[in-house]
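Here is how the chains run, residue by residue.
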There are 2 protein chains.
Amino acid sequence: MEIENKLCSKVEECYHILGKKWVGLVIHTLMEEPKRFSEIHAFIPNLSKRVLNERMKELEENGIVLRNVIADRPVRTEYSLTKKGTELGRSLKALENWADKWL
Amino acid sequence: MEIENKLCSKVEECYHILGKKWVGLVIHTLMEEPKRFSEIHAFIPNLSKRVLNERMKELEENGIVLRNVIADRPVRTEYSLTKKGTELGRSLKALENWADKWL
């Protein structure tokens with residue numbers, strides 16, 4: 001994935017996505033099942049609601065997360081992973097196995 | 001890797017390591033062969049020398065990178081991945097494959 005001493009832009013981009021604080025954990029948290037904003041926040045309490053809100057917007061823009069509005073009373077909003085996001089989460093399993101062994 | 005709604009601390013830690021800007025790219029860059037500071041910098045030109053220096057120190061402290069001083073004239077310093085770091089780099093291959101497909 002390297003062409004003449006230059007980084008492949010796709011590799012660069014994926015590390016930029018993951019290189020934003022909390023992104024990996026948010027994706028990990030959504031792997032099990034869709035979750036509401038408050039549920040994601042409960043999983044990662046050190047992450048402020050303001051920053052979580054920013055991250056969810058960015059992940060939505062990147063096509064990794066889907067924001068689903070459920071016409072309940074009151075209206076509920078849930079976040080789920082897209083196919084792209086689910087495959088990203090799966091690709092991170094190897095990293096989590098590394099963590100299990102080495103950290 | 002989740003215990004009763006709580007994130008496993010190892011998973012949390014690995015995403016904290018990767019969630020620092022540039023870390024993934026630095027590890028990617030060292031996967032091929034050991035490199036001098038200036039060579040790593042040449043691969044990732046948008047990364048300032050000050051921040052690269054910080055990251056290398058953190059990666060050394062985490063046991064991911066080894067700083068080798070070579071008693072040449074003039075003395076050379078090279079960075080290589082430890083076993084822990086090499087396995088981390090390998091675990092990131094799945095992520096790079098994801099990038100290749102989706103980005």
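Residues numbered from 1 in each chain as written. Chains lettered and ligands numbered in written order. Predicted model: local features only at pLDDT ≥ 70, side-chain atom pairs only at ≥ 80, totals over all residues.

Backbone-to-backbone hydrogen bonds join strands into a sheet, with any given pair of strands oriented parallel or antiparallel. Residue and element names in this part refer to chain A. Strands sit in the order 3-5-4 across an open sheet of 3 strands; the sheet is antiparallel. The strands lining the two open edges of the sheet, one partner per strand, are strand 3 (35-36) and strand 4 (65-70). Sheet topology places strand 3 next to strand 5 (residues 76-81); 2 bridges connect them, and they run antiparallel. Looking at strand 5, one finds that R36 is bridged to E78. (Pairing = 2+ DSSP bridges. Helix = DSSP H or I, 4+ residues; strand = E, 2+ residues; numbered from the N terminus.)

Once chain B is rotated about the relating axis by 180 degrees and shifted along it by 0.0 Å, it coincides with chain A to within an RMSD of 0.0 Å. Seen this way, the second copy is the image of the first under a two-fold rotation axis. Within chain B, the C-alpha atom positioned nearest to the axis of rotation is that of G19(B), 2.1 Å from it. A high fraction, 100%, of the interface residues of chain B reappear at the interface in chain A, so the copies pair face to face through one surface. (Least-squares fit on C-alpha atoms with pLDDT ≥ 70 in both. Contact = placed C-beta atoms within 7 Å.)

Once that is clear, we can look at the interface of chain B and chain A. How big an interface is tends to be reported as the loss of accessible area on association of its parts. In this complex, chain B contributes 34 residues to the contact, which on the side of chain A involves 34 residues. Listing elements by their share of the side of chain B that touches chain A, those giving two or more residues are helix 1 (9-18), helix 2 (23-31), helix 5 (83-91) and helix 6 (93-102) of chain B. With 8 residues, the top contributor of residues to the side of chain B that touches chain A is helix 6 of chain B. Taken together, the residues of the side of chain B that touches chain A break down into 19 nonpolar, 6 polar and 9 charged. (Nonpolar A, V, L, I, M, F, W, Y, C, P; charged D, E, K, R; others polar.)

So, about the pairing of strand 4 (residues 65-70) of chain B. Consecutive residues of a regular strand have side chains that alternate between opposite faces of the sheet. Residues and elements named next belong to chain B. Both strand 4 and strand 5 (residues 76-81) contribute to a ladder of 6 bridges, which runs antiparallel. Residue pairing for strand 5: L66 is matched across the bridge by S80. The turn joining strand 4 and strand 5, which pair antiparallel and follow one another in sequence, is formed by 5 residues.

Before going further, it helps to spend a moment on the sheet that holds strand 3 (residues 35-36) of chain B. Taking strand neighbours across the sheet as the criterion, the 3 strands line up as 3-5-4 (chain B) in an open arrangement whose pairing is antiparallel. Looking at strand neighbours, the two that pair on one side only are strand 3 and strand 4 of chain B, the edges of this open sheet.

Before going further, it helps to spend a moment on the packing of helix 6 (residues 93-102) of chain A against helix 1 of chain B. Where helix 6 of chain A meets helix 1 of chain B, the closest approach of the two axes is 9 Å, and the angle between their N-to-C directions is 115 degrees. In terms of their interaxial angle, helix 6 of chain A and helix 1 of chain B are classed as roughly perpendicular. The handedness of the crossing between helix 6 of chain A and helix 1 of chain B is right-handed. For the pair formed by helix 6 of chain A and helix 1 of chain B, the contact residues are L95(A), E96(A), W98(A), A99(A) and D100(A) on the first element and K10(B), V11(B), E13(B) and C14(B) on the second. (Axes fitted to C-alpha atoms, helices over the stretch in contact; angles between N-to-C directions. Parallel < 35°, antiparallel > 145°, perpendicular 65-115°, else oblique. Left-handed = near helix turned anticlockwise from the far one by under 90°.)

Residue and element names in this part refer to chain A. Per-residue confidence for chain A gives a mean pLDDT of 91; residues scoring 70 or more make up 93%. Strand 1 (residues 2-3) is the least confidently modelled element of chain A, averaging 47 in pLDDT, while helix 5 (residues 83-91) averages 97, the highest of any element. Predicted confidence is poor over residues 1-5, with pLDDT under 50, and the contacts of this stretch with residues over four places away or in other chains come to 8 contacts. As a predicted assembly, this complex carries a pTM of 0.87 together with an ipTM value of 0.88. (pLDDT = per-residue confidence, 0-100.)

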